[in-house]
Amino acid sequence: DSYSGMIKKGANAIVSLTFEAGRATLNSTVNGIDMSKAKDIVKLTNNKHLNYISDDAAIVVNIGINGKKYAEIIDLVLNSEFFTNSEYNTNEVNMIAGIACDAIKSINGDFTIAVEDIQGKYESIYDSYFDEYYGSVNVTGASASVMIDVDDSYIISNLGQFAGGFLRRQDNTHYYGSFSGLDITLGQDDNVLHAGINTTYDRKANSAADANWVPSVENSLWYAVVDVDNLMNYSYIKAANKEIMEDMDFIERDIYNKYIDLCDYAYISQMSLDEGEVVIVLDDKQTNALKQIVDVIMPTLSSLVMQNM
């Protein structure tokens, strides 16, 4: 109830779509909502984790978190009449919620997830009964990492006890192991909790901190970026892309490939509690984005019109 009354009379949301040189932006702004009680929950991202992510990472998600405030909200829910009178108010749920709250309290800063590679291939299987081949694209490997700014060693201490059953202990804050060709690491250094699949926690000479999308998302509360050029180089995406295009006709494949070639990166960003945007950035930074988009489809439409005249 402490957050009631935040919506004022006449509150509204404005959504706009703009096309500029090299970028298309869908912006949403909310007016008439008092965000003062919620402002301490979130933090501006500091992007320090990007130094530990390779520059060819295709997907990066980063959220600024004030864990103590999130834990207070969870406590508020657990002590509310709605929860205490519900079927979920059990000893097991309360125990898990208590552990989760203590873990969340430790988080203070960036919570970053990065995907640096997805390996895969198309595997075909012959069905003798139907005398036909069928198959699917399967993931054969991946490289990904998670990094979290923390105030203490609560999370690594508890995760270490759990991970000790299947990971080898290097010391009190570092564990590692290998499963099905995937190297797993878990550790904490300098108040950064980190976990990785086929990645190492070290500063990269060529890091995501120098990626061309970084200036676009600086000073955000949270963001999610997809680097299209890097993503299309992953073997899994190449195989999946090939399978998708097999179901397209020539015209559809041509348009699809041209639009993919136009793109540099795309991102969703929350700049403040009342403003966010979805942006597609194109390789050509000089020409208006709408013109670039129209220029791809118009020759095809003109050709179809001529064929049917």
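To be clear, the structure that these remarks concern was listed above.
Below: a short report on this structure. (Residues numbered from 1 in each chain as written. Predicted model: local features only at pLDDT ≥ 70, side-chain atom pairs only at ≥ 80, totals over all residues. Heavy atoms only, no water.)

**Some thoughts on the environment of Val226**
Structurally, the position occupied by Val226 is in strand β10 (residues 222-227). It is 8.7 Å that separates the C-alpha atoms of Val226 and Ala57, two residues lying 169 residues apart in sequence. (Helix = DSSP H or I, 4+ residues; strand = E, 2+ residues; numbered from the N terminus.)

**Describing the nonpolar core**
Of all hydrophobic cores here, the largest spans 19 residues; its most connected members are Leu50, Ile53, Val60, Trp213, Tyr223 and Tyr267. Going through the elements one at a time, α5 (214-217), β10, β11 (263-272) and β12 (275-282) are the ones with two or more residues in this core. Ile53 has contacts with Thr112, Ala114, Glu116, Ser145, Met147, Lys204, Asn206, Ser207 and Ala208, leaving out every residue within four places of it along the chain. Counting 15 residues, the second largest nonpolar core, distinct from the first, contains Ala24, Ile118, Tyr234 and Leu282. (Core = buried A, V, L, I, M, F, W, Y, C linked by side-chain atoms within 4.5 Å. Buried < 20%, exposed > 50% of the residue type's maximum accessible area, 1.4 Å probe, protein only. Contact = heavy atoms within 4.5 Å.)

**Some points on the side chain of Glu116**
Counting through the fold element by element, Glu116 comes out in strand β4 (residues 107-127). With no salt bridge to any partner, buried Glu116 finds its closest opposite charge in Lys204, at an N-O distance of 5.3 Å. (Lys, Arg positive; Asp, Glu negative; His and termini not counted. Salt bridge = Lys/Arg side-chain N within 4 Å of Asp/Glu carboxyl O.)

**Observations concerning the side chain of Asn66**
Within the secondary structure layout, Asn66 lies in strand β3 (residues 59-66). With near-sequence residues (within four places) excluded, Asn66 lies in contact with Asp40, Ile41, Lys43 and Ile107.

**Topic: helix α8 (residues 250-262)**
The end-to-end C-alpha separation of α8 is 19 Å, in line with the 18 Å expected for 13 residues at 1.5 Å each. Measuring from the side-chain oxygen of the N-cap residue of α8 to the backbone nitrogen of Ile251 gives 3.1 Å; that N-cap residue is Asp249. (Expected span 1.5 Å × (residues − 1). Polar contact = N/O pair within 3.5 Å; in protein donor to acceptor, adjacent residues only side chain to side chain.)

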